[in-house]
Amino acid sequence: MLDPSVFKAYDVRGVYGSELDEDGAYSIGRAFAEQFELERVAVGRDMRVSAPSMARAAIEGAADGGADVLDVGMVGTEMVYYAVGKLGLDGGIMVTASHNPRQYTGMKIVRAGALPVGGESGLLDVRDRALTGFGEVGRRGEVRDEDIWPGFVEHVLGLVDVSAIRPLRVVIDAANGMAGAMLPPVLERLPIEAVRCFFAPDGTFPNHEPNPLLPENREFIVRKTLEEGVDLGVAYGGDADRCFFVDDAGEFIPGDFVTALLAEAVLARERGARVIYDVRASWAVPESIRQAGGEPLVNRVGHAYIKHRMRQEDALFGGEVSAHYYFRDFFQADSGVLPFLLFLEVLSKKGQRASEILRPFRDRYFLTGEINTPVPDVDAKLRELEERFSAQGTISHLDGFSFDAADWHFNVRPSNTEPLLRLNLEALSQEAMEARRDEVLSVIRS
């Protein structure tokens, strides 16, 4: 089974069995190897129930496509990026459906240097080749197991100042995802006390879905952070390439504010460097980057676009509102472990509680978060927004429709997969934010 709809803008994702199965995984693995004439690739998988058989099928496909395959086993997504970058491989496949519910399966695919294969960078060619079928197997590649764990742990720990980290207390919700496997060998090297929750990898997700972007999936980490009276709460997505933070007061920390804090931390080591952020972000991000001596560069949303820009600009760091954080020294790829380590370093060096560190942001910047609205005609509604607001400020079409005035701004983007518009808006007071939010939504929903 290989439904063409599983090929998304940034990866492959669909319901296991009805949209994508092992035959489909074989076809994708083989098409990937043949399309790009790959010689050496890594294949990893997450903890989903279907992942072992899906990974085996992808491995067989890649090998029949002529590639030698390093089977890195059950790992976090970023560990496949590490394997491809560190070992100089031609590509990699991570069998994962990221934060999706348990019935899903999928793949994240990268080429040499951990550069993503997306809808505008070869994934549609892989789709077409996979759907067309194959001839006889020519050279079949070799398959062998590869243990990347020791090297990965050393690499990520080498990118932070571990000696500066104080004995903080932290609650971590691994959501029965890959963080439960990936974090322990890192945690044992740190002086912190970690309250480990749902660390057993379990693709049935018996406690809650592994998607901390949804408020209902954050209820546990907020409650547990307050109950334990810890310094920080951390929640992970299913494949652990994103981490989300809750401060000591139980307040969720938006990805914009995390981007600003991490940018300050990395710029302290390389003043003048470039930092990428996405069009949805709070003004806190570019203002913090400038204050730390960096050069802020705005970019369209999506990891494929951010990673390309990271290389193009030789950027030191990049951050998205959705909690993807990218590091030049991690092969310009996103990591879920490094933001966690850097946040510990920030807390330790500042010597303040997280809520105190965040207060200047929260007192100045008032965000709506992302508000999704179904609309019958996306393009018509975007034109209507432009007609309504273009005379009131500066506009941009970098990604959807962006509007900037002196004391408020917003971005409205269409969904890649549904007839939705996604609004992110910010103002310099709570009252102004609510009023402007309602004003923009009245146009979107009229």
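Let us look at the structure shown here. Sequence order as written defines the numbering, with residues in each chain counted from 1. Local features in this predicted model are restricted to residues whose pLDDT is 70 or higher, and side-chain atom pairs enter the listing and the counts only when it is 80 or higher, whereas totals over whole chains, interfaces and linings include all residues. No hydrogens and no water enter the side-chain calculation; it runs on all heavy atoms of the structure.

The helix count covers DSSP runs of H or I at least four residues long, the strand count covers runs of E at least two residues long, and both are numbered beginning at the N terminus. When its secondary structure is counted, the protein shows 15 helices and 23 strands. To get the radius of gyration, use the C-alpha atoms; to get the globule rule, take the number of residues to the power 0.38 and multiply by 2.2 Å. Relative to a compact globule of 446 residues, whose C-alpha radius of gyration would be 22 Å, the protein shows 22 Å and is just as compact. Seen along its three principal axes, the alpha-carbon backbone of the protein occupies a region of about 65 × 55 × 45 Å. The 446 residues of the protein split such that 58% are buried. Residue contacts follow a heavy-atom distance rule, with two residues in contact if any of their heavy atoms lie within 4.5 Å. Within the protein, contacts between residues separated by at least 24 positions form 68% of all contacts whose residues are at least 6 apart in sequence. We get accessible surface area from the Shrake-Rupley algorithm with a probe of 1.4 Å; when it comes to residues, only the shown protein chains can shield them. Carbon together with sulfur atoms contributes 46% to the accessible area of the protein, which is approximately 17000 Å² in total. His residues and chain termini do not enter the charge count, which takes Lys and Arg as positive and Asp and Glu as negative. For the purpose of locating charges, the reference atoms are NZ of Lys, CZ of Arg, CG of Asp and CD of Glu. Here the protein holds 48 positive side-chain charges and 70 negative ones, and the gap between their average locations is 2 Å. Each residue is assigned to one of three classes by its accessible area relative to the maximum for its type, calculated with a 1.4 Å probe on protein chains only: buried under 20%, partly exposed between the two thresholds, exposed over 50%.

Counting residues in each nonpolar core, the largest one holds 85 residues, and the members touching the most others are Leu-190, Phe-340 and Leu-341. Non-local contacts of Leu-190, meaning those with residues more than four positions away in its chain, are made with Leu-157, Val-162, Ile-165, Phe-340, Leu-341 and Leu-344. By size, the runner-up hydrophobic cluster in this structure holds 31 residues, among which are Val-6, Met-54, Ala-57 and Val-95. We define the nonpolar core as a collection of buried residues of types Ala, Val, Leu, Ile, Met, Phe, Trp, Tyr and Cys that are connected through side-chain atoms lying within 4.5 Å of one another.

Before going further, it helps to examine the pattern of salt bridges. The rule for a salt bridge is simple: a side-chain nitrogen of Lys or Arg has to be within 4 Å of a carboxyl oxygen of Asp or Glu. The final tally for this structure, using the stated rule, is 37 salt bridges. Its salt-bridge partner being Asp-68, residue Arg-139 comes within 2.8 Å of it at the nearest N-O pair. Within this pair, whereas Arg-139 is found in the loop between helix H4 (123-132) and strand E7 (143-145), its partner Asp-68 is found in strand E3 (residues 68-74), the two being separated by 71 residues in sequence. Where Glu-313 meets Arg-274, a salt bridge forms, and the shortest distance between an N and an O atom there is 2.8 Å.

Turning our attention to the sheet that holds strand E9 (residues 193-197). The strand order E9-E8-E10-E11-E12 describes an open sheet built from five strands, whose pairing is mixed. Every other strand in the sheet has two partners, leaving E9 and strand E12 (252-253) as the edge strands with one partner each. Two strands make a pair as long as DSSP finds a minimum of two bridges between them. Where strand E11 (residues 243-246) and E12 come together, two bridges link them in antiparallel fashion. For Val-246, the partnering residue across the bridge sits in E12 and is Phe-252.

Bringing the packing of helix H14 (residues 378-389) against helix H15 (residues 430-444) into the picture now. Closest axis-to-axis distance for the H14/H15 pair is 9 Å, and the angle between their directions is 135 degrees. By the angle between their axes, H14 is oblique relative to H15. Considering only the axes of H14 and H15, their crossing is right-handed. The residues of H15 that touch H14, namely those facing Lys-381, Glu-384, Leu-385, Arg-388 and Phe-389, are Glu-439, Val-440, Val-443 and Ile-444. Under the grouping applied here, Gly and all other residues not named as nonpolar or charged are polar, the nonpolar ones being Ala, Val, Leu, Ile, Met, Phe, Trp, Tyr, Cys and Pro and the charged ones Asp, Glu, Lys and Arg. Residues of the contact of H14 with H15, tallied by class, amount to five nonpolar, no polar and four charged. In this description, a line fitted to the C-alpha atoms serves as the axis of each element, helices being fitted only across the stretch in contact, and the angle between N-to-C directions of two axes falls anywhere from 0 to 180 degrees. Any angle between 65 and 115 degrees counts as roughly perpendicular, while under 35 counts as roughly parallel, over 145 as roughly antiparallel, and the rest as oblique. In this scheme the crossing of two helices becomes right-handed for a clockwise turn of the near helix relative to the far one and left-handed for an anticlockwise turn of less than a right angle.

This part is about the packing of helix H3 (residues 77-86) against helix H5 (residues 149-157). At a minimum axis distance of 10 Å, the contact between H3 and H5 shows a crossing angle of 95 degrees. Relative to H5, H3 is oriented roughly perpendicular. Between H3 and H5, the residues in contact are Glu-78, Met-79 and Tyr-82 and Trp-149, Gly-151, Phe-152 and His-155, respectively. Residue classes in the contact of H3 with H5 are distributed as four nonpolar, two polar and one charged.

Each full turn of the α-helix corresponds to 3.6 residues, which orients residues three or four apart in the same direction. To estimate how far a helix should reach, multiply one less than its number of residues by 1.5 Å. Taking 1.5 Å per residue as the helical rise, H14 with its 12 residues ought to reach 16 Å, and the 17 Å between its terminal C-alpha atoms agrees with that figure. Taken together, the buried positions of H14 are occupied by Val-378, Lys-381, Leu-382, Leu-385 and Phe-389. All buried residues of H14 fall inside an arc of 100 degrees around its axis, so they share one side. H14 presents Asp-379 and Glu-387 as exposed residues on the side facing more than 90 degrees away from its buried surface. Lining the buried residues of H14 we find strand E21 (401-404), strand E22 (408-414), strand E23 (420-427) and H15. Nitrogen and oxygen atoms within 3.5 Å of one another constitute a polar contact, given that in protein one can donate a hydrogen and the other can accept it, and given that sequence-neighbouring residues count only through two side-chain atoms. The N-cap residue of H14 is Asp-377: its side-chain oxygen and the backbone nitrogen of Asp-379 are 3.3 Å apart. Along the arc lie the directions from the helix axis toward the C-beta atoms.

Let's shift gears to H15. For H15, which comprises 15 residues, the first-to-last C-alpha distance of 21 Å matches the rise-based estimate of 21 Å (1.5 Å per residue) to within 8%. Listed in full, the buried residues belonging to H15 are Met-433, Glu-439, Val-440, Leu-441, Val-443 and Ile-444. Tucked into the core, H15 has its buried residues touching strand E18 (366-367), strand E19 (371-374), H14, E22 and E23.

To continue, consider the packing of aromatic side chains. Aromatic ring pairs: the centre-centre distance and the angle between the two ring planes describe each pair. Two rings from Phe, Tyr or Trp (for Trp, the six-membered ring) form a pair when their centres sit within 6.5 Å of each other. Planes less than 30 degrees apart are called stacked, planes more than 60 degrees apart edge-to-face, and all others tilted. Taken as a whole and judged by the stated rule, the model has 19 aromatic pairs. A ring pair is formed by Tyr-10 and Tyr-305, whose centres lie 6.2 Å apart and whose planes are at 85 degrees; its orientation type is edge-to-face. Taken together, the residues Tyr-10 in the segment before strand E1 (12-15) and Tyr-305 in helix H11 (residues 303-313) connect sequence positions 295 residues apart. Measuring from centroid to centroid gives 6.3 Å for Phe-152 and Phe-330, while their planes differ by 75 degrees, and the two rings are edge-to-face. Residue Phe-152 is found in helix H5, and its partner Phe-330 is found in the loop between strand E16 (325-327) and strand E17 (333-334); the two are separated by 178 residues along the sequence. Like Phe-152, the residue Phe-330 is buried in the burial classification.

This paragraph deals with the environment of Asp-239. Note that Asp-239 resides in the loop between strand E10 (232-236) and E11. With 25 residues separating them in the primary sequence, Asp-239 and Leu-214 have C-alpha atoms 16 Å apart. Polar contacts involving the side chain of Asp-239 include one to the side chain of Lys-108, which spans 2.8 Å.

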